[in-house]
Amino acid sequence: MASPPSRTRTPVMFIHGLWLHSSSWQGWADKFRDAGYEPMTPEWPNVPDSVAEARRHPDRQAGVGLAEISRQHATAIRDLGGVKPVLVGHSVGGFIAQHLLGQGLAAGAVAICPGQIKGVKAVGPAQAKATFAFLGNPANTKRAVSLDAGQFRYAFANAVSREESDELFEKWTIPSPARPLFQLALSNFARHSPAKVDTHNNNRGPLLLLSGKLDHTVPDVLTRSTFKRYRKSSALTEYQRFDDRGHSLIVDSGWPEVADASLTWLADQGLT
């Protein structure tokens, strides 16, 4: 975990999604630090400090769900002593960023290809193919599961070359708890789903929803549907799309473009 941020800089908390480690944000952290922020990369509950260690001990995070992940990041925010950070989250981390922002815990947030919140309908064969291997077995709710290279290629890295996909798979992927997948996918059938976000909060900070048009795991239509869920809130919510990008857009060779777009938007909101 990163050291507590300097009080002279705006803290920015990076929140990863399934099958990636917090260290995958290192390039972003360096870029944001150069732009005047103080980065934080807290881990999900029970995830070891390195990719190699996480691969050696997959069962440590088995059964961890959305509530536990959100709570751990909320605790890290409260440890800042009243300073509200900017949040940048990807995939499930994009959901967590929205969940925390809706509670008024952040100054603003960028949610990149965010996991769908309650009220957003899951659609499309690509998304089903990307997740069925895990959702098809209910016993996975209590397990940590891994992608193989082919699954990573389809779910994450379909918009880059096979060579780059294989390199990203070897460098960054870790086992992850399957429980968040079930909670997001079944949220509309659970009255008290942990995937519920306060989309009506008029007093929250600004939110940017970023999407990749080629994303198989979180298709662009889901991000646009999420955007519509905020229509009754007077708080600022905006949407941007990268037409040539897939789910790996925060770690593949095009990540600086996405990071720069995030920095530009945050600067436009005065969140520097």
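Residues numbered from 1 in each chain as written. Predicted model: local features only at pLDDT ≥ 70, side-chain atom pairs only at ≥ 80, totals over all residues. Heavy atoms only, no water.

Undergrad: Can you walk me through the overall build of the protein chain in this structure?
TA: Looking only at helices and strands, one finds 10 helices and eight strands in the protein chain. For the protein chain, the spread of C-alpha atoms along the three principal axes comes to 45 × 35 × 35 Å. The buried share of the protein chain, reckoned over its 272 residues, is 55%. Sequence separation of 24 or more characterises 76% of the internal contacts of the protein chain that already satisfy a separation of 6 or more. With the model as given, the accessible surface of the protein chain reaches about 11400 Å², and the carbon-plus-sulfur share is 50%. Computing the positive centroid from 30 side-chain charges and the negative centroid from 25, the protein chain places the two 11 Å apart. (Helix = DSSP H or I, 4+ residues; strand = E, 2+ residues; numbered from the N terminus. Buried < 20%, exposed > 50% of the residue type's maximum accessible area, 1.4 Å probe, protein only. Contact = heavy atoms within 4.5 Å. Areas by Shrake-Rupley, 256 points an atom, 1.4 Å probe, with all protein chains shown as cover. Lys, Arg positive; Asp, Glu negative; His and termini not counted. Charge placed at Lys NZ, Arg CZ, Asp CG, Glu CD.)

Undergrad: Where do I start with helix H1 (residues 26–34) in this structure?
TA: Residue pairs three or four apart in sequence face the same way in an α-helix, which turns once every 3.6 residues. Those residues of H1 that sit buried are Trp28, Ala29 and Phe32. Axial view of H1: buried residues confined to an arc of 100°, hence all on one face. As for H1, its buried residues are in contact with strand E1 (10–15), strand E2 (37–40), strand E3 (86–90), strand E4 (108–112) and helix H10 (255–268). Backbone geometry just after H1 places Gly36 at a positive phi near 105°. (Arc of directions from axis to C-beta.)

Undergrad: Is there a simple way to explain unusual backbone geometry in this structure?
TA: Residues apart from glycine generally show negative phi values, whereas peptide bonds are mostly found in trans. Located in the positive-phi region is Trp19, a residue other than glycine, with phi close to 70°. For Trp19, a relative accessible area of 5% puts it in the buried group. Of note, Cys113 is a non-glycine position whose phi angle comes to about 45°, a positive value. Turning to its location among the elements, Cys113 is positioned in the loop between E4 and helix H5 (125–135). With relative accessibility at 0%, the residue Cys113 sits in the buried group.

Undergrad: Whenever I open this one, the nonpolar core confuses me. Can you help?
TA: Looking at soluble globular proteins, one finds that nonpolar side chains tend to be buried together. Counting 79 residues, the largest nonpolar core has Trp28, Phe32, Val88 and Ile112 as the members making the most contacts within it. Residues within four places of Ile112 in sequence aside, it is in contact with Trp28, Val88, Gly89, His90, Ser91, Leu210, Leu249, Ile250 and Val258. (Core = buried A, V, L, I, M, F, W, Y, C linked by side-chain atoms within 4.5 Å.)

Undergrad: Is there a simple way to think about the pattern of salt bridges in this case?
TA: Two side chains that carry opposite charge are able to pair once their charged atoms sit near each other. Tallied over the entire structure, the rule returns seven salt bridges. For Asp220, the salt bridge identified is with Arg241, shortest N-O distance 3.3 Å. On the criterion of sequence distance, the pair formed by Asp220 in helix H9 (residues 220–229) and Arg241 in strand E8 (residues 237–242) is long-range, its members being 21 residues apart. For Asp220, a relative accessible area of 6% gives the class buried. (Salt bridge = Lys/Arg side-chain N within 4 Å of Asp/Glu carboxyl O.)

Undergrad: Even after reading the chapter, I still don't get a positive patch on the surface, so can you show me in this structure?
TA: Among the surface-exposed residues, Lys121, Lys228, Arg229, Arg231 and Lys232 lie close enough to one another that they form a single positively charged patch. Within the element layout of this structure, Lys121 appears in the loop between E4 and H5. (Patch = residues over 30% accessible without salt bridge, like charges linked within 9 Å, V, L, I, M, F, W, Y side chains within 5 Å.)

Undergrad: Got a minute to help me understand the packing of aromatic side chains in this structure?
TA: Enumeration over the complete set of coordinates arrives at 11 aromatic pairs. Where Phe14 meets Trp28, the ring centres are 6.3 Å apart and the plane angle is 70°; that geometry is what we call edge-to-face. With a gap of 14 residues between them, Phe14 in strand E1 and Trp28 in helix H1 connect regions that are remote in the sequence. Ring centres of Trp28 and Phe32 lie 6.1 Å apart, and the angle between their planes is 25°; on these two criteria the pair is classed as stacked. Remark: Phe32 and Trp28 occur in helix H1; sequence separation between them is four residues, near one turn of the helix. Judged by relative accessible area, which is 0%, Phe32 ranks as buried. (Phe/Tyr/Trp six-rings, centres within 6.5 Å; stacked < 30°, edge-to-face > 60°.)

Undergrad: How should the sheet that holds E8 be read in this particular structure?
TA: Sheet strands associate in pairs through backbone hydrogen bonding, adopting either a parallel or an antiparallel arrangement. Pairing in this open sheet of six strands is parallel, and the strands run E2-E1-E3-E4-E7-E8 from one edge to the other. Two strands bound the open sheet, and with one partner strand each, they are E2 and E8. Averaged over neighbouring strand pairs, the angle between their axes works out to 20° when direction is ignored. Sheet topology places E1 next to E2; four bridges connect them, and they run parallel. Across the sheet, residue Pro11 finds its bridge partner in E2, namely Glu38. Along the sheet, helix H4 (residues 92–102) contacts E1, E3, E4 and strand E7 (207–212); its crossing angle with E3, the most-contacted strand, is approximately 150°. (Pairing = 2+ DSSP bridges. Axes fitted to C-alpha atoms, helices over the stretch in contact; angles between N-to-C directions.)

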